[in-house]
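# Coordinate analysis (summary)
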Amino acid sequence: MAPIKLVAGNWKMNGSLSGARLLAEEIAAKSAPTARRRVAVCPPFPLLSSVGAFLKGSGVLLGAQDCHAHEKGAHTGDVSAKLLSEVGCRIVIVGHSERRTDHRETDDMVRAKAEAALAAGLDPIVCVGETEAERDAGRTKDVVERQVPASWPKGGTVERCVIAYEPVWAIGTGKTPTVGDVAEVHSHIRSVVAKLGVAAENLAILYGGSVKGSNAPELMAVPGVDGALVGGASLDAADFLKIVNACQ
Ligand code: 13P
């Protein structure tokens, strides 16, 4: 059985309450759920409850951009997976490269967050990907070979977990790897996951990094690409919907 595909919009630190309503309602109205593909939007924390209400009944899933590894406690500014679940999230992104860089998140921290997500009933999207320097040094496969097993949650299954391959140099730059490179890295990630004793052939591996409506048909057709994690283009309903429609 092929993996269920996923197109997730990562709004990052963008949006306003009024803008979120327009964006979420248009996506909700125009991305009918299918048996083979899920759609999610991941707004900033303060917008989660409102966006959840705008999406209600549409089948579009609500996701968060991060969670803390602990269920509660003295962690000023952090948010627990349990609370995210309570406000209606079904999905949470963990280990995004912006968090690995800006907040010095390590693979261990990412794994702990993914485990907290699972315990709270959220499906984690675990992000991996090499920097430009690592790519230039020919180390892309080594990087994902380190990140994937170290970030994969204990007890994680392909029904609950998703991996997003996001080359750091492709994020927000308009640059993308060749389709051949994407296919090769996705296949490598799948083989690394298989070594963890997981049914990797059924794992959804998303591509992320400068996905737009214009390049989505090509990128979403790459063998082993099971959807997209979309940044900038997810803030434009029409462009995001083109990506959704390219992923059947
Ligand atoms: P862009 O689509 O803006 O390149 O961002 C990708 C990303 O980081 C999604 O998580």
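Scope of this entry: the structure provided in the associated data block. (Residues numbered from 1 in each chain as written. Predicted model: local features only at pLDDT ≥ 70, side-chain atom pairs only at ≥ 80, totals over all residues. Heavy atoms only, no water.)

### Concerning the overall build of the chain
Heads up, the condition is: Working definition: helices are DSSP H or I runs of at least four residues, strands are E runs of at least two. Numbering for both runs from the N terminus. Within these notes, the globule rule equals 2.2 Å times the number of residues to the 0.38 power, and the radius of gyration is based on C-alpha atoms. Remark: exposure states derive from per-residue accessible area (1.4 Å probe, protein chains only) relative to the maximum for the residue type, with buried under 20%, exposed over 50%, and partly exposed in between. Whether two residues are in contact is decided by their heavy atoms: any pair within 4.5 Å suffices. Per-residue accessibility takes into account occlusion by the displayed protein chains alone, with areas from the Shrake-Rupley method and a 1.4 Å probe. In this tally, Asp and Glu contribute negative charge and Lys and Arg positive charge; neither His nor the terminal groups of the chain are included. A charged residue contributes its charge at one atom only: NZ of Lys, CZ of Arg, CG of Asp or CD of Glu.
Helix and strand content of the chain: 10 helices and eight strands. The globule rule puts the C-alpha radius of gyration for 248 residues at 18 Å, and the 16 Å found for the chain is close to it. In terms of overall dimensions, the chain has C-alpha extents of about 45 × 45 × 35 Å along its principal axes. Relative to its full complement of 248 residues, the chain shows a buried share of 53%. Contacts in the chain between residues far apart in sequence, at least 24 positions, make up 72% of those at least 6 positions apart. With the model as given, the accessible surface of the chain reaches about 10,800 Å², and the carbon-plus-sulfur share is 54%. When the 27 positive and 28 negative side-chain charges of the chain are each reduced to one mean point, those points stand 4 Å apart.

### Describing the site of the ligand
Put simply, the rule reads: Residue proximity to a molecule or strand is established when one non-hydrogen atom of the residue lies within 4 Å of it. Between N or O atoms, a polar contact is any pair within 3.5 Å; within protein, one atom must be a potential hydrogen donor and the other a potential acceptor, and residues adjacent in sequence are included only when both atoms are from side chains. For this scheme, ten residues count as nonpolar: Ala, Val, Leu, Ile, Met, Phe, Trp, Tyr, Cys and Pro. Four count as charged, namely Asp, Glu, Lys and Arg, and the remainder, Gly too, count as polar.
The full set close to the ligand counts 13 residues, and Lys12, His96, Gly172, Ser210 and Gly232 are the nearest of them. Histidine 96 places a side-chain nitrogen or oxygen 2.8 Å from an oxygen atom of the ligand. Alone, the ligand offers 310 Å² of accessible surface; in the complex the protein occludes 95% of this. Split by residue class, the shell around the ligand holds four nonpolar, seven polar and two charged.

### Quick look at the packing of aromatic side chains
Quick note on the threshold: Classification of ring pairs uses Phe, Tyr and Trp, with its six-membered ring standing for Trp, and accepts pairs whose centres are within 6.5 Å; under 30 degrees between planes counts as stacked, over 60 as edge-to-face, and the remaining range as tilted. Only when the NZ atom of a Lys or the CZ atom of an Arg is both within 6 Å of the ring centre and within 35 degrees of the ring normal do we say a charge sits over the ring.
In the structure shown here, the tally under the stated rule is one aromatic pair. Here the basic side chain of arginine 135 rests over the ring of tryptophan 169, its NZ or CZ set 4.0 Å away from the ring centre.

### Quick word on the nonpolar core
In plain terms, the rule: To qualify as a nonpolar core, a set must consist of buried Ala, Val, Leu, Ile, Met, Phe, Trp, Tyr and Cys residues joined through side-chain atoms within 4.5 Å.
Ranked by size, the top nonpolar core spans 65 residues in total, and within it Val51, Leu84, Ile163, Ile189 and Val193 carry the most contacts. Contacts of isoleucine 163, omitting those with residues within four sequence positions, involve Val126, Val128, Val148, Trp152, Ile189, Val193, Leu203, Ala204, Ile205 and Leu206. With 14 residues, the next largest nonpolar core counts Leu6, Ala40, Ile125 and Ala204 among its residues.

### Focus: the pattern of salt bridges
This is how it is decided: When a carboxyl oxygen of Asp or Glu lies within 4 Å of a side-chain nitrogen of Lys or Arg, that pair is called a salt bridge.
If you walk through the whole model with that rule in mind, you get 17 salt bridges. Arginine 160 is the salt-bridge partner of aspartate 123, the closest N and O atoms lying 2.7 Å from each other. In this pair, aspartate 123 sits in strand β5 (residues 123-128) while arginine 160 sits in the loop between α7 (140-151) and β6 (162-165), placing the two residues 37 residues apart along the sequence. Assessed through its relative accessible area of 8%, aspartate 123 is described here as buried. Among the salt bridges present, the one from aspartate 136 reaches arginine 135, with a minimum N-O distance of 3.8 Å. By relative accessible area, arginine 135 is classed as partly exposed at 34%. Here the salt bridges do not stand alone but share partners, grouping Asp66, Arg99, Glu105 and Lys113 into one network.

### What about the packing of helix α5 (residues 107-119) against α7?
This is how the line gets drawn: Inter-axis angles, ranging from 0 to 180 degrees, are taken between N-to-C directions of lines fitted to C-alpha atoms, where helices are fitted over the stretch in contact. With respect to orientation, any angle under 35 degrees is reported as roughly parallel, any angle over 145 as roughly antiparallel, any angle of 65 to 115 as roughly perpendicular, and every other angle as oblique. Should the near helix be turned anticlockwise from the far one by less than a right angle, the crossing is termed left-handed; should it be turned clockwise, right-handed.
At their nearest, the axes of α5 and α7 sit 8 Å apart, and the two run at 40° to each other. As summarised for this structure, α5 and α7 are arranged oblique, according to the angle between their axes. Crossing geometry of α5 relative to α7 is assigned as right-handed. Every residue of α7 that contacts α5 at Asp107, Asp108, Val110, Arg111 and Ala114 is listed here: Arg146, Gln147, Ala150 and Ser151. The residue inventory of the contact of α5 with α7, partitioned by class, reads three nonpolar, two polar and four charged.

### Quick look at the pairing of strand β1 (residues 5-10)
This is how it is decided: Pairing between strands is defined by DSSP: at least two bridges between them are needed. We call a crossover right-handed when, viewed with the strands running away from us, the connection from the first strand over the helix to the second turns clockwise.
Burial within β1 is extensive, with six of its six residues counted as buried. Residues of β1 alternate between two faces, with Lys5, Val7 and Gly9 on one and Leu6, Ala8 and Asn10 on the opposite face, all of them buried. Judged from the six bridges that link them, β1 and strand β2 (residues 37-42) form a sheet pairing that is parallel. Within β2, the residue paired with asparagine 10 across the bridge is cysteine 42. Since β1 and β2 lie parallel, the crossover through helix α1 (residues 17-30) that links them has a hand, and here it is right-handed. When β1 meets strand β8 (residues 227-230), the two strands line up parallel, connected through four bridges. Note on β8: the bridge partner recorded for leucine 6 is glycine 227.

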